[in-house]
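Take a look at the letters that make up each chain.
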Amino acid sequence: MITLLSNEFLEFPAKTVQSSDRKQCQLGISVLQHGCLTGEVLKCLLDTISLPRKNEVLPFSLVILAILHDIGKVNPEFLRRLINNLSLEYKNEAMQRWGDLIRVNQQHTETYHSLISYAVLKDMGACEADQRVVGEHHGFPINERIAPADCEIFGGKDWEIARRRIAQEAICRSGVDPVFPKPVKERPLKKWQVELWIGLVIVSDWLASQVEQPIPAGTEAAKAREIVANAGFLSIPELADKPFQTIFGFEPRSPQQLLFNAYQGPGIYILEAPTGCGKTEAALALAFKAMAHGDASGIYFALPTQLTSNRVHERVEKAVKNFLGDELPVRLVHSGARFMLTRWGKEASAGEEWGRPTRRALLSPFGVGTVDQALLSLLHVKFRQVRLAGLAGKVVIFDEIHSYDDYTNTLIAHLIRTLEAFGAVVVTVSYTHLRAH
């Protein structure tokens, strides 16, 4: 029989797993190993992001939040629910191993595990921003007062000691310093920085959730690299600054050459020029220069409609391949087809909102899509933080700015200021004079 102090308790389950025919259900990967794997996935994702202020905006210590995001699952009511979901033969086996841990807590109602994670990190001395990251990793804001981590409804003091033990073991196995990250003090970066952290932890959790059964200890890093690569995230190597003609196959027109030569680092670039002068290629040329300088690791090309996105898609795809070269082929995924090759976690599975191709396309290193997918990162919608994470490290190009109404342009201006605070490169393209906002 497993006790809170036994070494076997480190195997505390994070989920149940159904058989392929959905007729059997058994306990799956442990909270400890899922946390280690999620941390390794986040390490890989951080390697794919280039930002001028990366060490400030995305400190490596962020990994510890990914490791501990599900620590709140370690509670008696969560264990009871898992066991109740098991097939009869697995349920009997689980009760023999874990039964005593839930019999003493039969009067308690279950608390959502992310709220317990919030309480655990508070007890461990993490700042409020870090508590929010683990508490909101399922997309729901925390709008209530959270009880102390050792309160009876979470299992009591003995269960909190057990959670801390698993947390410390996960941190130790992952090889990261047990130091929690802290956001910068400057505004507005601080507010959006925490949102970005939440988004990256959510994506890391979704990717790591592909692994439902235990894997050999010590293989988490290799598995994480495989998962991230299969999902279409690319670590862009050091790139040479190529001439305009090499990328696009023709000599640049005057507006194209002017913008290409104007790059001086992260910031906002505005191109106003008549129709037919090649504004799309001009914006892409500047984006490639930003990537060659190490200031970005991808592109999101935002357009007004799906129709205009489709028209631009092939031009962007061809230019990206010419810029990166044959040694690193890239499949530009407007529809997100590459991401559909890999099954993600529950919220990103078929039938769920982030299972839709247009949602996952925003996370592609090179994406062409509608502007609303980017603007929703500012609004109070579920998983808005994932959209912000999708824009991190990218050159964001807002094309056909002249076609938007005042409301949309106001949102675009707000998003541009947010991206500017991160040190991003933003390009706005129009054939008319832009009004100030």
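Look up: the structure comes first, before these words.
Every value quoted in this text rests on a predicted model; they were computed, and no experiment measured them.

Q: Help me understand the overall build of the chain, please; the structure alone is not making it clear to me.
A: For the chain, the count of helices and strands is 18 helices and seven strands. Across the 437 residues in the chain, those meeting the buried criterion constitute 59%. In the chain, 76% of the contacts between residues at least 6 apart in sequence involve partners at least 24 apart. Total accessible area on the chain is roughly 19,000 Å²; 50% of this is exposed by carbon and sulfur atoms.

Q: How should I be thinking about helix α18 (residues 406–421) in this particular structure?
A: Each α-helix winds once per 3.6 residues, and so residues spaced three or four apart point in a common direction. Helix length check: α18 (16 residues) gives 23 Å between terminal C-alpha atoms against 22 Å at 1.5 Å per residue, within 8%. Turning to α18, its buried residues number three or more, namely T408, N409, L411, I412, A413, L415, I416, T418, L419 and A421. Of the surrounding secondary structure, the elements contacted by the buried residues of α18 are α9 (189–208), β3 (267–272), α16 (371–375), α17 (384–391), β6 (394–398) and β7 (425–430). Downstream of α18 by one or two residues, G423 has phi in the positive range, about 85 degrees.

Q: Just to check I follow, could you spell out the pattern of salt bridges for this structure?
A: Where side chains of opposite charge bring their charged atoms close, a pairing between them can arise. Tallied over the full model, the rule gives 17 salt bridges. R53 is paired through a salt bridge with E56; the nearest N and O atoms lie 3.0 Å apart. Judged by its relative accessible area of 22%, R53 is partly exposed. Residue E195 pairs with R384 through a salt bridge whose shortest N-O separation is 3.0 Å. Of this pair, E195 sits in helix α9 while R384 sits in helix α17; the two residues are 189 residues apart in sequence, bridging distant segments of the chain. For the pair E195 and R384, one class covers both residues: buried. The network of salt bridges with shared partners includes R132, E136, E195 and R384.

Conventions and cut-offs
Residues numbered from 1 in each chain as written. Predicted model: local features only at pLDDT ≥ 70, side-chain atom pairs only at ≥ 80, totals over all residues. Heavy atoms only, no water. Helix = DSSP H or I, 4+ residues; strand = E, 2+ residues; numbered from the N terminus. Buried < 20%, exposed > 50% of the residue type's maximum accessible area, 1.4 Å probe, protein only. Contact = heavy atoms within 4.5 Å. Areas by Shrake-Rupley, 256 points an atom, 1.4 Å probe, with all protein chains shown as cover. Expected span 1.5 Å × (residues − 1). Salt bridge = Lys/Arg side-chain N within 4 Å of Asp/Glu carboxyl O.

What is shown is where atoms sit, not what they do.
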